[in-house]
Amino acid sequence: MSKRDGGEVFRITGARQGLADDVRGRQRRYIISMSVRTLSVIAAAVLWNVERHVAVVALALGILLPYVAVVIANAGRESTPSLPSTFVPSPGRPELDPGKLRKSSDQS
């Protein structure tokens with residue numbers, strides 16, 4: 001790709017997500033998990049005398065979700081994608097065979 005003035009444009013396809021976006025995403029996942037937990041605890045309280053099996057499942061979900069939400073929220077940033085190496089090794093110098101070396105006086 002090139003700009004109008006002829007300069008080359010580079011794409012950064014392997015760049016990580018920005019820190020603010022990463023924190024915002026983790027906060028959103030935490031809020032969603034805690035909302036589901038709150039709804040499951042309320043459902044457990046409402047259904048306790050009506051449908052005990054569903055209430056127990058909802059209560060178990062309400063107990064386990066805080067741990068899962070905290071682990072997910074504290075998981076940290078995504079790992080950096082493996083990018084191709086920008087290091088290009090310099091070509092090696094060929095080794096000379098000592099038997100083929102001549103002295104400067106032998107060349108005449």
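Each value, and the rule that gives it
Every residue gets a number counted from 1 within its own chain, in the order that chain's sequence is written. The model is predicted, so local features are restricted to residues of pLDDT at least 70 and side-chain atom pairs to those at 80 or more, both for listing and for counting; the totals for chains, interfaces and linings are taken over all residues. Derived side-chain values reflect all non-hydrogen atoms in the structure, with water molecules and hydrogen atoms excluded from consideration. Strands here are runs of E lasting at least two residues and helices are runs of H or I lasting at least four, both read from the DSSP assignment and numbered beginning at the N terminus. Here the term buried applies to any residue with accessible area under 20% of the maximum for its type, exposed to any over 50%, and partly exposed to those in between, with areas from a 1.4 Å probe on protein chains only. By the convention used here, residues are in contact when the closest approach between their heavy atoms is within 4.5 Å. A 1.4 Å probe and the Shrake-Rupley method give the accessible areas. Residues count as covered only by the protein chains that appear here. What a helix should span is 1.5 Å times the count of its residues minus one. Only residues whose relative accessible area exceeds 30% and that take part in no salt bridge are eligible for patches, with like-charged residues grouped when within 9 Å of each other and nonpolar side chains (Val, Leu, Ile, Met, Phe, Trp, Tyr) grouped when within 5 Å. A side-chain nitrogen of Lys or Arg and a carboxyl oxygen of Asp or Glu constitute a salt bridge if their distance falls within 4 Å. Bend at a residue means the angle formed by two fitted axes: the first through the 7 residues ending at that position, the second through the 7 residues beginning there.

### What about the overall build of the protein?
Piece 1. Looking only at helices and strands, the protein has 2 helices and 0 strands in total.
Piece 2. With 108 residues in all, the protein has 13% of them scored as buried.
Piece 3. At a minimum sequence separation of 6, the contacts of the protein that also span at least 24 residues come to 63%.
Piece 4. Total accessible area on the protein is roughly 9700 Å²; 60% of this is exposed by carbon and sulfur atoms.

### Structural notes on helix H1 (residues 19-47)
Piece 1. Between the first and last C-alpha of H1 there are 42 Å, a value that for 29 residues agrees with the 42 Å anticipated at 1.5 Å per step.
Piece 2. What H1 keeps buried is the set Asp22, Gly25, Arg26, Ser33, Met34, Ser40 and Ala44.

### Overview of a nonpolar patch on the surface
Piece 1. A surface patch of nonpolar side chains, amounting to about 470 Å² of accessible area, comprises Trp48, Val56, Leu59, Ile63 and Leu64.
Piece 2. Note on placement: Ile63 falls in helix H2 (residues 52-73).
Piece 3. On the accessibility criterion, Ile63 (58% relative accessible area) is exposed.

### Details of the side chain of Ser33
Piece 1. Residue placement: Ser33 occurs in helix H1.
Piece 2. The residues contacting Ser33, other than those within four sequence positions of it, are Leu65 and Ala69.

### Looking at the pattern of salt bridges
Two side chains of opposite charge can pair, provided their charged atoms sit close to one another.
Piece 1. This structure, assessed with the given rule, holds 2 salt bridges.
Piece 2. Two residues, Asp21 and Arg24, come together in a salt bridge whose shortest N-O distance is 2.8 Å. You can see Asp21 and its partner Arg24 sitting in helix H1, 3 residues apart, about one turn around the helix.
Piece 3. Relative accessible area serves as the criterion here: at 36%, Asp21 is assigned to the partly exposed category.

### Looking at H2
An α-helix turns once every 3.6 residues. As a result, residues three or four positions apart point the same way.
Piece 1. Its 22 residues give H2 an end-to-end C-alpha distance of 32 Å, which sits within 8% of 32 Å, the value for a rise of 1.5 Å per residue.
Piece 2. Along H2, the sharpest kink reaches roughly 35 degrees, centred on Leu64 and followed within four residues by the proline Pro66.
Piece 3. Considered for burial, the residues of H2 that qualify are Ala55, Ala58, Gly62, Leu65, Ala69 and Ala73.
Piece 4. On its buried face, H2 sits against H1.

By themselves, these are just geometric observations and shouldn't be taken as functional.
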